[in-house]
Amino acid sequence: MNLIAAVDMNWAIGKQDELLFRIRTDLRRFKELTRDNIVICGRRTVQTFPGGKPLAGRINLILSRQHDLDIEDAIMCRDQDELFAELNRLNFEGYDDSQIYVIGGASIYKLLMPYCSKALITYIHASVEDADCHLPDFGRLTNWIMQDKSEIMSENSIEFEYRTYINPDPETWHI
Ligand SMILES: NC(=O)c1ccc[n+]([C@@H]2O[C@H](COP(=O)([O-])OP(=O)(O)OC[C@H]3O[C@@H](n4cnc5c(N)ncnc54)[C@H](OP(=O)(O)O)[C@@H]3O)[C@@H](O)[C@H]2O)c1
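Residues numbered from 1 in each chain as written. Predicted model: local features only at pLDDT ≥ 70, side-chain atom pairs only at ≥ 80, totals over all residues. Heavy atoms only, no water.

Participant: Looking at this structure, how should I read the site of the ligand?
Facilitator: Residues in contact with the ligand amount to 27 residues; listed here are only the nearest, R43, T45, S64, Q66 and S107. Take A106: an N or O atom from its main chain is 3.2 Å from an oxygen atom of the ligand. If the ligand stood free it would expose 930 Å²; the protein chains cover 86% of that surface. Secondary-structure elements contributing two or more residues to the shell around the ligand are strand 1 (2-7), strand 2 (12-15), strand 3 (18-19), helix 2 (43-46) and helix 4 (106-112). (Near = heavy atom within 4 Å. Polar contact = N/O pair within 3.5 Å; in protein donor to acceptor, adjacent residues only side chain to side chain. Areas by Shrake-Rupley, 256 points an atom, 1.4 Å probe, with all protein chains shown as cover. Helix = DSSP H or I, 4+ residues; strand = E, 2+ residues; numbered from the N terminus.)

Here it is as structure tokens:
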């Protein structure tokens, strides 16, 4: 499975339940990559989406421990075991590993990072004060290797680049 995230120079990803930046080029890329595929996210991240709704045109797997919470147009998973059972079912229906995207937030990245073989990181050349959630710095993780890095792009004076990190030995979620 893949992890996809946008980070600042301190690997911060969010502040007060919001994204740090909205870079249209990057949001468009996110949409293209995840379209018709499977996205996995935490309940708090769904609340940041337009209207607090799951993303259209994708299979949304949402993690929440609240047994009475149902979100329309999403598959609710109450724990990692339920999530992996759903992924196995979707795998059986024909979706493969490369079509699964872990899209946040911090708690879900932390939970599923060991199972990801690829991380698509939008690295933003800025640092946000008082950010309250972070990813680990992939450059310091021994099991992740940077495979490539794009040129630096700019939108509304925000500079950013796309980085791809690879984890050659992910844990398996297949049952
Ligand atoms: N920069 C980026 O690329 C990016 C991407 C996504 C999100 N974000 C940011 O990340 C922040 C949100 O991250 P977060 O860590 O606070 O929230 P989150 O990971 O989106 O959601 C946390 C919630 O997920 C559920 N959950 C977590 N682990 C679970 C498990 N093992 N089993 C079942 N349910 C589980 C719980 O829901 P319940 O409380 O309902 O039980 C928990 O409260 C926001 O600021 C958002 O903007 C940034």
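Participant: Explain the packing of aromatic side chains to me, please; I cannot follow it from the model alone.
Facilitator: The description of an aromatic ring pair uses the distance of the two centres, along with the angle that the planes make with each other. With the rule as written, the count across this model stands at seven aromatic pairs. Relative to Y165, the ring of F138 lies with its centre 5.4 Å away and its plane at 50 degrees, an arrangement referred to as tilted. Linking F138 in the loop between strand 9 (133-134) and strand 10 (145-149) with Y165 in strand 12 (residues 158-166), this pair joins segments that are 27 residues apart in sequence. Its relative accessible area of 0% is what places F138 among the buried residues. Since its relative accessible area comes to 3%, Y165 is described here as buried. Each residue in the set W11, Y123, F138, W144 and Y165 is aromatic and connected to the rest through ring pairs, giving one cluster. (Phe/Tyr/Trp six-rings, centres within 6.5 Å; stacked < 30°, edge-to-face > 60°. Buried < 20%, exposed > 50% of the residue type's maximum accessible area, 1.4 Å probe, protein only.)

Participant: Explain the sheet that holds strand 2 to me, please; I cannot follow it from the model alone.
Facilitator: Strand pairing in a sheet is mediated by backbone hydrogen bonds. Such pairs are either parallel or antiparallel. The antiparallel open sheet is built from three strands, whose spatial order is 3-2-9. Every interior strand has two partners, whereas the edge strands, strand 3 and strand 9, have only one. Here strand 2 pairs with strand 3 via two bridges, running antiparallel. Paired with K15 across the bridge in strand 3 is E18. (Pairing = 2+ DSSP bridges.)

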